[in-house]
Amino acid sequence: MNAQEIVASEELPLMNRGFEQDGDAIVNVLPLPVITVDAEGLITQANIAAESFFETGLNLLRRQRLSELLPFGSPVIALVEEVRQRGASVSEYRVDIGSPRLGGSRIVDVFATPLAEPRGRVVLMLQERTIAEKMDRQLTHRGAARSITALGSMLAHEIKNPLSGIRGAAQLLEATANENDRLLTRLICDESDRIVKLVERMEVFGEERPIERGPVNIHDVLDHVKRLAVSGFARHIRFVEEYDPSLPPLYGNRDQLIQVLLNLVKNAAEAIGPDAVDGEITLATAFRPGVRMQIRGSEERLSLPLEIRVRDNGPGVPQDLLPNLFDPFVTTKAQGTGLGLALVAKVIGDHGGIVECESAPRRTTFRLLMPMLLAHDGRATRT
């Protein structure tokens, strides 16, 4: 199993069944640490990766409680109890389980799911992440977006004004030029307009004002994006919709979310290509109540239960580009600017959400995890 940053809820039960039915053989081939904890908090099973992670053999692990293995007050203990009470899978991100025994800071993602029998037993899977990887890549690459804020402001001031003068001079020359010279003046105007559009896209990164947010029906946004796509750049592609009709409203800015999803759908269509005969883009939504992320510099954990996916069956993203895919000026397109996905990262980050990409040939998925609209009493609102 190739564990990704965001584990779909249906994947954990698969792990669950393998642990129960096929024994240690299947679990031991997993590259991620997997342990089971019984109703008393005792460790009952651990795979080879867990032995390596905790630097402790299975026999010794089975003599310990989870609370003895982790630092005092670890949120993983509360997570296990929550899984028992809810009887459902829960994921928690950026959990530091570092201790003198484990050596310094150890940042992990924790995926927990209950076992049907015996009651009270919970399966834990850990996915280790370095601080730099987790904060710079998964928290929507906000640092990368901020790094070009000053550049965007400078470009707007230092380039747009002179370009207006250049374009105006070219238009004046065009009025008295012959046919051959008009081709040159038109080229000057067209190239000036292209540069202005590029600079305007850069300017977006310089905006630090709080965005106006409110209740947004994400299915209305997806339908709008689909209509735009099928009437233009994606008219040759089949769309598949996999929506959760009970999804509550998202707390966001409708126009910016349209821009983000239109960008992702356009990228998917371009990846598929204009000559594909079986091109397919899947738009999907799901409710993942167990997904949370710790806010940097705070003990608060933000709930991100709304999942939006854009999946295509194109050739996929080169693996060497995936770690930096959301950085500015990183692109797979010959004529691309590399600003589209950086803008996606900034907008989703401004919304308090996460964007991630999983890519393989004929299956590239961009996944957004977003906060939902809460009522004044803290409960989720419904459409």
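Definitions and cut-offs
Residues numbered from 1 in each chain as written. Predicted model: local features only at pLDDT ≥ 70, side-chain atom pairs only at ≥ 80, totals over all residues. Heavy atoms only, no water. UniProt positions renumbered as here; feature names shortened; annotations may be inferred. Phe/Tyr/Trp six-rings, centres within 6.5 Å; stacked < 30°, edge-to-face > 60°. Helix = DSSP H or I, 4+ residues; strand = E, 2+ residues; numbered from the N terminus. Buried < 20%, exposed > 50% of the residue type's maximum accessible area, 1.4 Å probe, protein only. Pairing = 2+ DSSP bridges.

Labelled according to an unreviewed UniProt entry, the chain appears under the name histidine kinase, originating from Chelatococcus sambhunathii. According to UniProt, the comment filed for the chain under the heading Catalytic activity (unreviewed entry) is "ATP + protein L-histidine = ADP + protein N-phospho-L-histidine."

Before going further, it helps to spend a moment on the packing of aromatic side chains. Tallied over the full model, the rule gives 2 aromatic pairs. Relative to Phe 111, the ring of Tyr 93 has its centre 6.0 Å away and its plane inclined at 80 degrees; by these criteria the two rings are edge-to-face. Taken together, the residues span a long stretch of sequence, with Tyr 93 in strand β3 (residues 90-96) and Phe 111 in strand β4 (residues 107-114) at a distance of 18 residues. The exposure class of Tyr 93 is buried, given its relative accessible area of 1%.

In this section: the pairing of strand β12 (residues 306-312). Among the 7 residues in β12, 7 count as buried, and that is most of the element. Side chains Leu 306, Ile 308, Val 310 and Asp 312 of β12 all project onto a buried face; the interleaved residues Glu 307, Arg 309 and Arg 311 project onto the opposite face, where all are buried too. Examined bridge by bridge, strand β9 (residues 280-287) and β12 share 7 bridges and lie antiparallel to one another. Looking across to β12, one finds that Phe 287 is bridged to Leu 306. Looking at chain direction, β12 and strand β14 (residues 363-370) are connected through 7 bridges and run antiparallel. Bridging from a neighbouring strand, Arg 309 pairs with Arg 367 of β14.

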